[in-house]
Amino acid sequence: MSLLFLAFLMTWFASNRLYRPVKQLVSTLTYENKRTSNARTDEFEEIQERFSALSNEREHLEKRLSQQIPQLRQNFLVQLTKGYLYDYNEASLKKRMENYGWIVQEHTFILLDIQLTGRYQATRMKEEDDSLITFAMANIAEDLTKELFQQYTVLNYYDLSAGIFLIVPNDKNNLHSSLHTLAEKITKAINQVLELKVTITISSKTDQVKQINYLFEEIGRGKRYREFENQNQIIHLNDLTDIRTEQQIYYPFEIEKEIIQCVRRGRINEAEAFIRQFFHYLIEHGGKEVNVQTSVMQLYSTIQHEILHAGMDPTVLYHGRNMYEELSQIRDLEWIIRWMVDQVIAPFIQYIESNMNLEMKQLVEEVVQYIQEHYMEDISLESCADQVGTTAYTLSKAFKKVLAINFIDYLTTVRIDQAKELLLNTTLKINDIAESVGYRHSYFNRIFKKQIGVPPSQFRKMKSNSS
């Protein structure tokens, strides 16, 4: 009997030792549940349920992680191009890329840039947000890229442009042809679906992660060599021979002067016509975007100088907008023209017209006094405006508002009145009289006859006969 009891004790002791790890495991897995509910009696069932729950949670986390991979890849490329990973060596960078699921060993990196154009002419999309159009374009690019390449990341820039980062095997055959085929397919799809034109720029290639940053820089420079006209274009930077050659810049200075004169006189429609001539000249003389943008920036600078000369602060006039940055982001010819007219020139003219008051009267009085004293000199609207520190446009508007006559008519009246006095009260020759009132002899005869109805010589005879 004692042996049986001893055997029972040993069996209980052994089973308790064997069960203890299971009990501890159950205690660990069900700790939170025990705080709010009674513990289960079947520990193995509890272990099974908890293990199943952990497995489901692991699958859920893996799924979420896989969904975040594209964003993680994009963030990596952004950090790389911003220089945040400059201190990492090549091996570390490749390891990070492998952690994101990329295969990089014995592979080459290439970048494509997609730039939409013709946005302003696409009337069907004028009400659409640029970011929505770019999103649609990026989706089109992704769907077509997966047909030709296994490893890619589409970068949405949200400004009517996007990039495609490609990782291709070093031994891939006909890579140039495949890239061109992809570019053509994307172009055709965008033309059909979005009804826009597109410029696709294809970078050179590198097998070094630390050189990827230079692919982005190369694209930024190379895409500016597109023709500025609204047309489909594919640029292979490896084939672009003139990207580093100096090109002569043709700038239409005479047309610029005409634009400024229209701005001074408040003639918006004429200013727009000359701006169109300005762009026509640029395109005729090598319409690469890099050249056109440089000239457009110069034109805006000249208009801004006119605004400053008028005593206005462009920052206040344009409500703190960074106009240079806005202009640099526009890629469509028609869009730039409308921006120049509607966003730059029109607000300036409207401000001038809405602020004519008593100061204008004082301004006109000052110029009238100046004309009375200097009518015999070679003076003009511009020179008088400079004399009183205003713009020709402001002075012209002020004359019409205050005196109900334009500047040149007033100047002509003063000069002809003085000429009449000299014709009647002196024996000076007509040539001398013409010079004394600021005219050349031949022009004086024409302008006098136009104003009085008879030539100067006949006017003198008529008055002498009547007296």
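Each chain has its residues counted from 1, following the order in which its sequence is written. Under the rules for a predicted model, residues below a pLDDT of 70 receive no local features and side-chain atom pairs below 80 are neither given nor counted, while totals for whole chains, interfaces and linings still include all residues. Side-chain figures throughout are based on the complete set of non-hydrogen atoms in the structure, without hydrogens or water.

1. Thoughts on the overall build of the protein chain
Labels follow the DSSP assignment, with helices taken as runs of H or I lasting at least four residues and strands as runs of E lasting at least two, numbered in each case from the N terminus. A count of helices and strands for the protein chain gives 20 helices and 5 strands. The rule is simple: take the accessible area with a 1.4 Å probe, protein chains only, and divide by the maximum for that residue type; under 20% is buried, over 50% is exposed, in between is partly exposed. The 467 residues of the protein chain split such that 41% are buried. It only takes one pair of heavy atoms within 4.5 Å for two residues to be counted as in contact. In the protein chain, of all internal contacts separated by at least 6 residues, the share reaching a separation of at least 24 is 68%. Looking at the protein chain as shown, the accessible area adds up to about 27200 Å², and 50% of this sits on carbon and sulfur atoms. To measure how exposed things are, a 1.4 Å probe is used in the Shrake-Rupley method; for residues, cover is taken only from the protein chains shown.

2. Some words on the environment of Gln 329
With respect to the element layout, Gln 329 can be found in helix H12 (residues 323-329). Each C-alpha atom, one on Gln 329 and one on Gln 293, is 9.9 Å from the other, the two residues being 36 residues apart in sequence.

3. Thoughts on the layout of surface pockets
Gaps between atoms show up when a probe of the same size as a water molecule is rolled over them. A 1.4 Å probe that fits into a set of points on a 1 Å grid over the protein atoms alone but cannot get out defines a cavity; an open set with protein on both sides within 12 Å along at least five of seven lines defines a pocket, and lining residues are those with an atom within 4 Å of a point. Grid points are joined across faces, edges and corners, and a volume is the space filled by probe spheres set on the points. Approximately 670 Å³ is the volume attributed to the largest pocket. For the largest pocket, the lining is made up of 23 residues, of which Asp 113, Tyr 157, Asp 159, Ser 161 and Phe 216 are closest to its centre. Contributing elements (two or more residues each) for the lining of the largest pocket: helix H3 (43-82), strand E1 (107-117), strand E2 (151-156) and helix H7 (212-222). Split into classes, the residues belonging to the lining of the largest pocket amount to 7 nonpolar, 8 polar and 8 charged. Under the grouping applied here, Gly and all other residues not named as nonpolar or charged are polar, the nonpolar ones being Ala, Val, Leu, Ile, Met, Phe, Trp, Tyr, Cys and Pro and the charged ones Asp, Glu, Lys and Arg.

4. Digging into unusual backbone geometry
One can expect most non-glycine residues to show negative phi and most peptide bonds to be in trans. Despite not being glycine, Glu 106 has its phi angle at roughly 55°, a positive value. Topologically, Glu 106 is positioned in the loop between helix H4 (90-99) and E1. You can call Glu 106 exposed: its relative accessible area is 65%. The phi torsion at Glu 195 lies on the positive side, around 55°, for a residue other than glycine.

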